[in-house]
Amino acid sequence: MKQIRIGNVKIDNLCAAEAVDFALDDSHAPCFVVTPNAVMLEKCRHDPTLVALLNRATLSLADGVGVVRAARRIGTPLVGRVAGIEFGEALLFRAEQEGLRVFLLGGEDGIAARAAERLQKKHPALCICGTYWGYFEEGGEEECRLISALRQTRPDLLFVCMGFPLQEQWISANLDRLSELRVIAGLGGSLDVWAGKVRRAPRLFSRMGLEWAWRMAHEPKKRLSQLPLLVRFSLFGHRG
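Residues numbered from 1 in each chain as written. Predicted model: local features only at pLDDT ≥ 70, side-chain atom pairs only at ≥ 80, totals over all residues. Heavy atoms only, no water.

**Q** Where do I start with the environment of Trp 133 in this structure?
**A** Along the polypeptide, Trp 133 turns up in the loop between β6 (127–132) and α7 (141–153). Among the residues examined, Trp 133 registers a relative accessible area of 29% and is labelled partly exposed. When the C-alpha positions of Trp 133 and Leu 146 are compared, they lie 9.4 Å apart, and in sequence the two are 13 residues distant. With near-sequence residues (within four places) excluded, Trp 133 lies in contact with Leu 105, Gly 106, Gly 107, Glu 108, Asp 109 and Glu 142. At 2.7 Å, the side chain of Trp 133 forms a polar contact with the side chain of Glu 142. (Helix = DSSP H or I, 4+ residues; strand = E, 2+ residues; numbered from the N terminus. Buried < 20%, exposed > 50% of the residue type's maximum accessible area, 1.4 Å probe, protein only. Contact = heavy atoms within 4.5 Å. Polar contact = N/O pair within 3.5 Å; in protein donor to acceptor, adjacent residues only side chain to side chain.)

Right, here's the structure in full:
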């Protein structure tokens, strides 16, 4: 599998279909998936521990047009972007077809359950075997209950949606306890979208590479703090 590096972070040069096939290949189980975007990669430029965290993943996908443009500027073009939520939806489609069990982890109280309900309507044959919210204390009693729930429900796929770097840190710390799973993917805000709490940018914005503008307009408090990072990353490849 061909890889490139952007600021020392490994990115796998795969299209969405190839990424799904790779993730579900049992020879990689458990497949730890990360989806670096421009904000994540800019943070990594100043924190080598975040670089090491992302590079521990089995599969690293370019989430966002900013990452694709940066790869092109440094002379290592990618076949395209693989947005985390689209990768997750492709996995859900395969899970429905192949009878795989899915567990949703993350979000505020009730978000994972609401996402499961809406996804179940979209994919009637999909088996969502469990949900859990993302605001638990690591190493505490509630985390023990979560691990117990995962062992009892025996999911094939675990989607962890707690935001970067918390989700990647949690996955990395628990890989040994989750060795029987096939795929463990950090998918950021995907649960909020699936639950209907957040609306994705229209396709036109995505095709034009303006998803950031849509998010800025609809989540200004959250997204404005990320603007300096996006601006700095947009200069990546132009700097010496």
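Back to the write-up after that little detour.
**Q** Mind showing me how you'd approach the packing of aromatic side chains here?
**A** In this description, a pair of aromatic rings is defined by centroid distance and the angle of the planes. Summed over the entire model, instances satisfying the criterion amount to 4 aromatic pairs. With a centroid separation of 6.0 Å and an interplanar angle of 40 degrees, the aromatic rings of Phe 159 and Trp 194 are classed as tilted. Here Phe 159 is found in strand β7 (residues 157–161), whereas its partner Trp 194 is found in helix α9 (residues 190–194), with 35 residues between them in sequence. Neither residue differs from the other here; Phe 159 and Trp 194 are each classed as buried. (Phe/Tyr/Trp six-rings, centres within 6.5 Å; stacked < 30°, edge-to-face > 60°.)

**Q** Would you explain the sheet that holds strand β5 (residues 101–106) in this entry?
**A** Hydrogen bonds between backbone groups are what pair the strands of a sheet, and the pairing can be parallel or antiparallel. Ordered in space as β4-β3-β8-β7-β5-β6, the 6 strands form an open sheet in which the pairing is parallel. Whereas interior strands pair on both sides, the edge strands pair on one side only; in this sheet they are β4 (59–60) and β6. Of the pairings in the sheet, the one linking β7 to strand β8 (residues 183–186) comprises 4 bridges and is parallel in character. Within β8, the position partnered with Val 160 by the bridge is Gly 186. (Pairing = 2+ DSSP bridges.)

**Q** How should the pattern of salt bridges be read in this particular structure?
**A** Per the counting criterion, the structure on display carries 8 salt bridges. In this structure, the salt-bridge partner of Asp 21 is Arg 94, at a minimum N-O distance of 2.9 Å. With Asp 21 in helix α1 (residues 16–24) and Arg 94 in helix α5 (residues 84–98), the pair connects residues that are 73 residues apart, well separated along the chain. When its relative accessible area of 45% is taken as the criterion, Asp 21 is described as partly exposed. On the accessibility criterion, Arg 94 (21% relative accessible area) is partly exposed. A salt bridge links Arg 45 to Glu 42, with the nearest nitrogen and oxygen atoms 2.9 Å apart. Several salt bridges share partner residues, and in doing so they unite Asp 21, Arg 94 and Glu 98 into one network. (Salt bridge = Lys/Arg side-chain N within 4 Å of Asp/Glu carboxyl O.)

**Q** I would appreciate a short explanation of the pairing of strand β3 (residues 31–34) in the present structure.
**A** For a regular strand, the rule is simple: side chains alternate between the two faces of the sheet. Taking every second residue as pointing to the same face, both faces of β3 are buried, with Cys 31 and Val 33 on one and Phe 32 and Val 34 on the other. When β3 meets β8, the two strands line up parallel, connected through 3 bridges. What sits directly across from Cys 31, in β8, is Val 183. Of the pairings in the sheet, the one linking β3 to β4 comprises 2 bridges and is parallel in character. Looking at the pairing, Val 33 lines up with Leu 59 of β4.

Honestly, it's all geometry; don't read function into it.
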